[in-house]
Amino acid sequence: MQIYLVGGAVRDKLLGLPVKDRDWVVVGATPEQMQAQGFKAVGKDFPVFLHPKTQEEYALARTERKQGRGYKGFVVAADPSVTLEEDLLRRDLTINALAETAQGEIIDPFGGQQDLQQRLLRAVSPAFAEDPLRVLRTARFAARFADLGFTLEPETQALMRKLVDQGELAFLTGERIWLEMDKALSTSQPGVFFAVLEQVGALQALWPELAAHWQRHPELPGLLSKAAEQALASAQMLALVLLDLPSNLKTHFLQQVKAPKAVLQQAEALQKASQHPGLRLQAAEEVLELFEQLDSWRRPELTQQTLVLLVLLGQLASRQRLLELLAACRKLSAQPWVAQGLKGPAVGEALREERLQLLAAEI
Ligand code: ATP
């Protein structure tokens, strides 16, 4: 049997990026041979094995042919006669269809290295249009590699559109959609994910209300990359995308994409925070009012998140600066006022005025 490193690990290595997961393909082996070597079978739909020590995934080389609609329409063959090239042929993008031998030699039957150099997301073959998930995957890679200058090759874009036009996206399950969306929201340019989906008609086909919302808010891509810089979690990023969408549509969307319950909670919390009048106005009076509210909130992570939102929607330079300001407000002591002879509610009022001055100096 021959073993090759494949997929994302080879791609990321060639791009000079850190490699997270390593996937392997085994050519010329049977499941029995793998198990005899101590590998543990884990694949449900096709033969995948876990290495007894590293726990990395080793898949038997396989071919896939689509014979019917949806996911049940795939015929998978994984016998020892399947070649590496046949296995690479069923992959989505050329940059994901690279393999490396144990000696470090790159095997590249579809021009993946050239596409890496030219920064192109290109389908391996027209068979790309057999799996609707590839529309989401490609949009996700566009977002992930946007900063490196990757663009969508026109024929690949046409194949994505074909999948959309044939109604194949309706076969995607919410779980699969969320897996891709979650990863896309964790890139540096989450807006590109939605923009690419919109470009090929997928956003409109999957979620018409979100597509309309996206068009109504041209500021969203910029806001999302700013939010990505602040390292917001994917749930918060999605909450930001959905901000101001009517609550029933928001809930419907989140149920459809099978987002975890926490995402809905985040979305609701952000909506509530954003409705505070102090958020959109820049007056120190209102920020102070908000601060007083935030301070009384019991959950600190909610406070953090609301601060981030304040920064994103407002004009403050950074979340850090806002936190510093609020910390300084918090530190102010009533003691000097008491020493001056103030008593009762007058102390609270003086303290509030002092905080107001502090905030007003920067907002
Ligand atoms: P990441 O770094 O995000 O994990 P990856 O390329 O390793 O990226 P995986 O989802 O782990 O992505 O998939 C591993 C490889 O399997 C891909 O590089 C690609 O070659 C192939 N692959 C995965 N899903 C599909 C699919 N739906 N259609 C075609 N090929 C796929």
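Our structure's up above, just so we're on the same page.
This one's a predicted model, so the numbers in the text were calculated from it and none came from an experiment.

Trainee: Where do I start with the overall build of the chain in this structure?
Mentor: Scanning the chain from terminus to terminus reveals 20 helices and eleven strands. Relative to its full complement of 363 residues, the chain shows a buried share of 47%. Summed over its atoms, the accessible surface of the chain is roughly 17900 Å², and 52% of this surface lies on carbon and sulfur atoms.

Trainee: I'm lost on the nonpolar core in this one. Help?
Mentor: Nonpolar side chains tend toward joint burial in soluble globular proteins. With 75 residues, the main nonpolar core has Met181, Phe193, Phe194, Leu197, Trp207, Leu238 and Phe253 as its most contacted residues. Viewed by domain, this core spans two of them, domain 1 (1-117) and domain 2 (119-268), each represented by three or more residues. Non-local contacts of Phe193, meaning those with residues more than four positions away in its chain, are made with Leu136, Ala139, Arg140, Ala143, Met181 and Ala184. The next biggest cluster of nonpolar side chains, apart from the first, holds eleven residues, and it includes Tyr4, Ala97, Ala99 and Val124.

Trainee: Help me understand the sheet that holds strand 2 (residues 23-27), please; the structure alone is not making it clear to me.
Mentor: Each strand in a sheet pairs with another by means of backbone hydrogen bonds, the pair being arranged parallel or else antiparallel. With mixed pairing, the seven strands of this open sheet are ordered in space as 3-4-5-2-1-8-9. Lying at the two open borders of the sheet, with one neighbouring strand each, are strand 3 (40-41) and strand 9 (106-107). Two elements, strand 3 and strand 4 (residues 48-50), share two bridges in a ladder whose sense is antiparallel. Of the residues in strand 4, the one forming a bridge with Lys40 is Leu50.

Trainee: What's the story with the packing of aromatic side chains in this structure? I'm lost.
Mentor: Scanning the entire structure with this criterion turns up seven aromatic pairs. Between Phe194 and Trp214 the ring centres are 5.4 Å apart and the planes differ by 35°, which places this aromatic pair in the tilted class. Of the two residues, Phe194 is situated in helix 8 (residues 190-199) and Trp214 in helix 10 (residues 208-216); the sequence distance between them amounts to 20 residues. A relative accessible area of 0% places Phe194 in the buried class. By relative accessible area, which is 7% here, Trp214 ends up buried. Three or more aromatic residues link up through ring pairs in this structure, and these residues are Trp24, Phe39 and Tyr58.

Trainee: Sorry if this is basic, but what is going on with empty space enclosed by the protein here?
Mentor: As enumerated under the stated definition, the model contains three cavities of 30 Å³ or more in all. Space inside the second largest cavity adds up to approximately 40 Å³. Of all the secondary-structure elements, those providing two or more residues to the lining of the second largest cavity are helix 10 and helix 13 (247-256). Per-element tally for the lining of the second largest cavity: the top contributor is helix 13, with four residues. Looking at the lining of the second largest cavity, its residues break down into five nonpolar, two polar and one charged.

Cut-offs and rules
- Residues numbered from 1 in each chain as written.
- Predicted model: local features only at pLDDT ≥ 70, side-chain atom pairs only at ≥ 80, totals over all residues.
- Heavy atoms only, no water.
- Helix = DSSP H or I, 4+ residues; strand = E, 2+ residues; numbered from the N terminus.
- Buried < 20%, exposed > 50% of the residue type's maximum accessible area, 1.4 Å probe, protein only.
- Areas by Shrake-Rupley, 256 points an atom, 1.4 Å probe, with all protein chains shown as cover.
- Core = buried A, V, L, I, M, F, W, Y, C linked by side-chain atoms within 4.5 Å.
- Domains from an automatic or database assignment.
- Contact = heavy atoms within 4.5 Å.
- Pairing = 2+ DSSP bridges.
- Phe/Tyr/Trp six-rings, centres within 6.5 Å; stacked < 30°, edge-to-face > 60°.
- 1 Å grid on protein atoms, 1.4 Å probe; cavity = no way out; pocket = protein on both sides within 12 Å on 5 of 7 lines; lining within 4 Å.
- Points joined across faces, edges and corners; volume = space filled by probe spheres on them.
- Nonpolar A, V, L, I, M, F, W, Y, C, P; charged D, E, K, R; others polar.

Geometry only, nothing functional implied.
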